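Residue-level listing of the chains:
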There are 4 protein chains.
Amino acid sequence: MMRNYSVRTDLALEERERFESDNVEIPGVILEEDYDEEREIRLTRVRIETENGARAMGKPVGTYLTLETPNLAVPDEEYLREVAGEICRCIEELIDNTGCGKEDLSVLIVGLGNREVTPDALGPYVADHLCVTRHIVREYGKYAMGMEHANMISAVVPGVMGQTGMESAEIVRGIVNETHPDLVIAVDALAARNSKRLNRTVQIADTGIHPGSGVGNHRAGMTEESLGVPVIGIGVPTVVDAATIVNDTMENFIRALESSESLKGVGEVLRSYNAGEKYEFVKELIAPHLNGMFMTPKDVDEMIHHISHTISEALNMLFVNRVSTQES
Amino acid sequence: MMRNYSVRTDLALEERERFESDNVEIPGVILEEDYDEEREIRLTRVRIETENGARAMGKPVGTYLTLETPNLAVPDEEYLREVAGEICRCIEELIDNTGCGKEDLSVLIVGLGNREVTPDALGPYVADHLCVTRHIVREYGKYAMGMEHANMISAVVPGVMGQTGMESAEIVRGIVNETHPDLVIAVDALAARNSKRLNRTVQIADTGIHPGSGVGNHRAGMTEESLGVPVIGIGVPTVVDAATIVNDTMENFIRALESSESLKGVGEVLRSYNAGEKYEFVKELIAPHLNGMFMTPKDVDEMIHHISHTISEALNMLFVNRVSTQES
Amino acid sequence: MMRNYSVRTDLALEERERFESDNVEIPGVILEEDYDEEREIRLTRVRIETENGARAMGKPVGTYLTLETPNLAVPDEEYLREVAGEICRCIEELIDNTGCGKEDLSVLIVGLGNREVTPDALGPYVADHLCVTRHIVREYGKYAMGMEHANMISAVVPGVMGQTGMESAEIVRGIVNETHPDLVIAVDALAARNSKRLNRTVQIADTGIHPGSGVGNHRAGMTEESLGVPVIGIGVPTVVDAATIVNDTMENFIRALESSESLKGVGEVLRSYNAGEKYEFVKELIAPHLNGMFMTPKDVDEMIHHISHTISEALNMLFVNRVSTQES
Amino acid sequence: MMRNYSVRTDLALEERERFESDNVEIPGVILEEDYDEEREIRLTRVRIETENGARAMGKPVGTYLTLETPNLAVPDEEYLREVAGEICRCIEELIDNTGCGKEDLSVLIVGLGNREVTPDALGPYVADHLCVTRHIVREYGKYAMGMEHANMISAVVPGVMGQTGMESAEIVRGIVNETHPDLVIAVDALAARNSKRLNRTVQIADTGIHPGSGVGNHRAGMTEESLGVPVIGIGVPTVVDAATIVNDTMENFIRALESSESLKGVGEVLRSYNAGEKYEFVKELIAPHLNGMFMTPKDVDEMIHHISHTISEALNMLFVNRVSTQES
């Protein structure tokens, strides 16, 4: 049951599913699920509450909210506004947990990833559509925004290491030390384990951003520990690792062998392998030139545009529009 | 030996290799190879000379030149200028075959593909860096270019069907009928069968562009038959189909089974399958959501930038600079 | 009173104003104005009904609708949706005039201009956000769109002559001959005479697109005469010609001289010049290197993004969404 | 003679010219000029050596090198490589002055400006084409670069305040404090006084970047004082202020009046105004909506692409290629 092999996923939900399939309760990990049937939006809340739970899940202690809907990349403005509303509520819930307070927040939003590679451009595109307000509030005061309370929103697209020679985390840490936000929100494209998740999932977590995942793996950790302020990570799976796809197919293959009359023997032998052994076996079979490759849908450009727009809208709702509505 | 299954490739070279591995001479198909050891450039010339050869290869009668070098995407300007020189000579050879003549040519260069999806943006990027001259020659005469002979180069990026509602072929046919070039050169990103070919291969063929291939499959045929003028296609493999990758791994897997002591039986059973049966078997195992997905390297943006620049340089050398050099 | 000098403007409204200031009724030209006070939207309708009117105005016979609002580039989604609704109604009025009919229209939308130069990118940006449907209706029939009627929308960004070596009009004519739309709608950035018009004006005319204007002057005429189908032009002033600005200032200067005690003499001399003589005088003073320069606001990027989005929305409303609403 | 009015320019050369036309030697300011006739490259070196000189020039103490060539935006690769060589030597001269040393330098290159507005995109485009090496040297050591010495080059595009809510200077200061480069090089688009300078001038200065200039005025100071390390600024004039153009024309106008028989009186009156009075007079005449507008050539996109490429090449020559050549 220990996690001794790793098919790469950035989604706590997928880590949890791995266990579920083994029918195990994990101590220190709480799972809640809500399904809004009419709007086809599923909200899963994974709380990792103990270090044991964290070890079992391979993810740090914290809360992971996952929104799923089949229609995340569908160009229906009205529906996407409702999804944005849901994302907005999720972020708000996690901010409440941080104890930052709710009024006159100063927030730095970081658009991670590489603007030049379509499936990795989610973070930069979200940053492109944000309403930044920090410079206005600083110059004219919050009354200039026409309200009693006003959040100071700033945004940055740090670029990726191959373009900057620096880790995104270094750049963000420098900016945090210089501009002192109360909170960092980092948006990034993720790698999923299951290609069915592409196009339809948003994960929001209060544990920051951790190395070793994502499309370009462009970051060392950005966490409350390393930055000194709470870090909320918003991630959307936009690619699947090449190795993952192959692995999935192998598992189908092995199942097919197990149920084949003429090949039953193989099935039995293979069944005796545990998941880790199977993975090692498959890994050997994957040509080394597959490393560094990812898989993405052909319509990735439209998908990225729609989803990034929805996330920007959620952030603008939460930090800019909502304030003005509450006050008026 | 007949081709009754199809792992997608746009490269004649890969079609040919399929047979080679079966150690068969294909009537009507001639293969020549040149290797420039010092510069590590391999030039393969596949000539499909008969309809029988065309049927066997699954590609139309014509000449397919393939340049391969491990360094196509390496940022070494001087070396890439030499590669551009090679590409330039290949295009020239095919133009000679068409009988268009060599002087005062009017050429429409078409940048196929989707500018918004990195691995499909090769054609548009090539078009971006061309020296177009048609409007200058038409307005001021060829002496304006300071030479006795001057080619009239025009270029267009037709976009993809999801953006335009039209097939690229319709747009190009309309423009050809209106502007009457002597020759069309279409540049496109291709799908390869083997991920090792990404980053290092350029195919130049005098058979035009054929439907059913490429990243976004964004085109009906553009051929001498449909456009009324010769069409040279320049293609660079930038993606591999998801199904192809999985298939490759399965073949490794099957080979592993064949040589495994405990699983020998399976190996024997599987070995009795022919290639087509194996492919069908694998295809069933691949989840349907893999259709419409492609695989691409993580550094695809740099690769596309470097290669598109080299191809533009080859075209500018051939049509613009060379003329002025010859004349002076 | 005859128009013997020309300060460049693409706006019929500005041509009309020139006369108005001279307090002249122009035969064959009808002017109507509507002002929606609450929403601050002014609609001006200039109808040039006779050839005499056309000569006087320096613009062809036809209907020119001009929407003006101070808030065209303000990021207020709800308000901009109302503006989009107004633009939608204007286009519909002009389509009704053409006699194309209203149902199952086949429309080619052309995004003129240069994507690489911010103030000239309006047309391409509008094209980026259109819902094209032609390929879907052609492949699956209009019932695939879930409605009894469906327009076939196609879109193209022809690029500018410096990129393509071809006139936009050649490219569009070729595509029209190949795909046979019922109607062409061309969207373009315009030059205004008065910098106050930037940011706040949309002109919609049923007379097509005429050479000699716009930012890059990237087009010969696209008219019903040259294309064989009605052509509606949608234009937004995004730049002012350098010479125009200087001219405006000179006029202020001359007025200042006229009212100055010590310089009264000059004022009198200058007042005796007519407008044409003044313009010639000013033109000589403008250094020749000012030709080919234009003037644009510093926040032109946001302005272009907002306005192009509003126009796309108007077109999508009219051709795609409205149909589905009417039917249901 | 005191500078009591200000027509905006970022070029020390133009400040100096202002005095020159008044035929004055400025104490504390040394001017040297070199002209390479064959290649048509003019190098002007303005050294402001004293605080008095600085006050007279309105620019801080330091060295300002200005390269001028009529062909800076002409697409002649070989020639531009020579210009890059000149720029490279200029930067090297200023680095020598700083006393940073020459070997194993750690340099942060900052691409200032707004990628979305063509004439302001120079800095970002330069950053796009740099060879960054810091991450490679840090991970593998300088021997990984195949040389005994290796510079650690990093690059960042901070964006503009309207996009980030932060001043570029805040972002850069944060990154400098975090990554400790020996030297900062900031590249930016400038405003010129004279439109003839567009397209043909590069200014390189060891005094950093100062507020109140440039296209978008997107920065508070970045100087050795504020960042703690030497700052070299590389600037290229890409726009002229609208007010400047108008002012130039007025001066032509006034000269025309002065030499006109019938208007001689005005000429005399106007001649009695000093430059500051004239400027105030003109400023009143310029409509207030001209503020915030700039003027730029129509082919600004090509110009920016060519020049940014040349500057990147100069920086790559200096920091990456030259090292490897010297060592081998």
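Residues numbered from 1 in each chain as written. Chains lettered and ligands numbered in written order. Predicted model: local features only at pLDDT ≥ 70, side-chain atom pairs only at ≥ 80, totals over all residues. Heavy atoms only, no water.

Visitor: Quick one: what's the story with unusual backbone geometry, residue by residue and with numbers?
Guide: Even without a glycine there, the phi angle at Asp-104 of chain B is positive, about 50°. Tracing the sequence through the fold places Asp-104 of chain B in the loop between helix H3 (77–98) and strand E4 (106–111). (Helix = DSSP H or I, 4+ residues; strand = E, 2+ residues; numbered from the N terminus.)

Visitor: Explain helix H3 (residues 77–98) of chain A residue by residue, including any values.
Guide: Its 22 residues give H3 of chain A an end-to-end C-alpha distance of 31 Å, which sits within 8% of 32 Å, the value for a rise of 1.5 Å per residue. Positioned one or two residues after H3 of chain A, Gly-99 of chain A has a phi angle of 75°, which is positive. (Expected span 1.5 Å × (residues − 1).)

Visitor: Can you lay out the nonpolar core for me, pointing to particular residues and giving the numbers?
Guide: Of all hydrophobic cores here, the largest spans 51 residues; its most connected members are Ile-185, Ile-204, Leu-315 and Phe-319 of chain C. Take this core: its biggest share by element is eleven residues, from helix H12 (residues 300–327) of chain C. If we ignore the near neighbours within four places in the chain, the residues touching Ile-204 of chain C are Thr-63, Tyr-64, Leu-65, Ile-87, Cys-90, Ile-91, Leu-94, Ile-232, Gly-233 and Ile-234 of chain C. In terms of nonpolar packing, the next biggest core, distinct from the first, is built from 50 residues, Ala-191 of chain A together with Leu-43, Tyr-79 and Ile-91 of chain B among them. (Core = buried A, V, L, I, M, F, W, Y, C linked by side-chain atoms within 4.5 Å. Buried < 20%, exposed > 50% of the residue type's maximum accessible area, 1.4 Å probe, protein only. Contact = heavy atoms within 4.5 Å.)

Visitor: Account for the environment of Val-117 of chain B, naming residues and giving values.
Guide: For Val-117 of chain B, the position within the fold is in the loop between E4 and helix H4 (122–128). With a relative accessible area of 2%, Val-117 of chain B lands in the buried category. As a C-alpha pair, Val-117 of chain B and Asp-301 of chain B span 184 residues in sequence and 9.9 Å in three-dimensional space. Among residues more than four places away in sequence, those in contact with Val-117 of chain B are Thr-118, Lys-298, Val-300 and Asp-301 of chain A together with Phe-294 of chain B.

Visitor: Quick rundown of the state of the cysteines? Include the residues and the values.
Guide: All names here are of chain C. This structure, assessed with the given rule, holds zero disulfides over all chains. Free of any disulfide, Cys-88 has its nearest neighbouring cysteine sulfur in Cys-90, separated by 9.2 Å. No disulfide involves Cys-131; its sulfur sits 13 Å from that of Cys-88, the nearest cysteine. Of the residues examined, Cys-131 reaches a relative accessible area of 34% and is grouped as partly exposed. (Disulfide = S-S within 2.5 Å.)

Visitor: Can you explain the side chain of Thr-69 of chain A? Please cite residues and give values.
Guide: Residues and elements named next belong to chain A. Within the fold, Thr-69 resides in the loop between strand E3 (62–68) and H3. The buried category is assigned to Thr-69, whose relative accessible area is 2%. Only 2.9 Å separates the side chain of Thr-69 from the side chain of Tyr-79, close enough to count as a polar contact. For Thr-69, the contacting residues outside a window of four places in its chain are Glu-40, Ile-41, Tyr-79, Val-83, Asn-199 and Arg-200. (Polar contact = N/O pair within 3.5 Å; in protein donor to acceptor, adjacent residues only side chain to side chain.)

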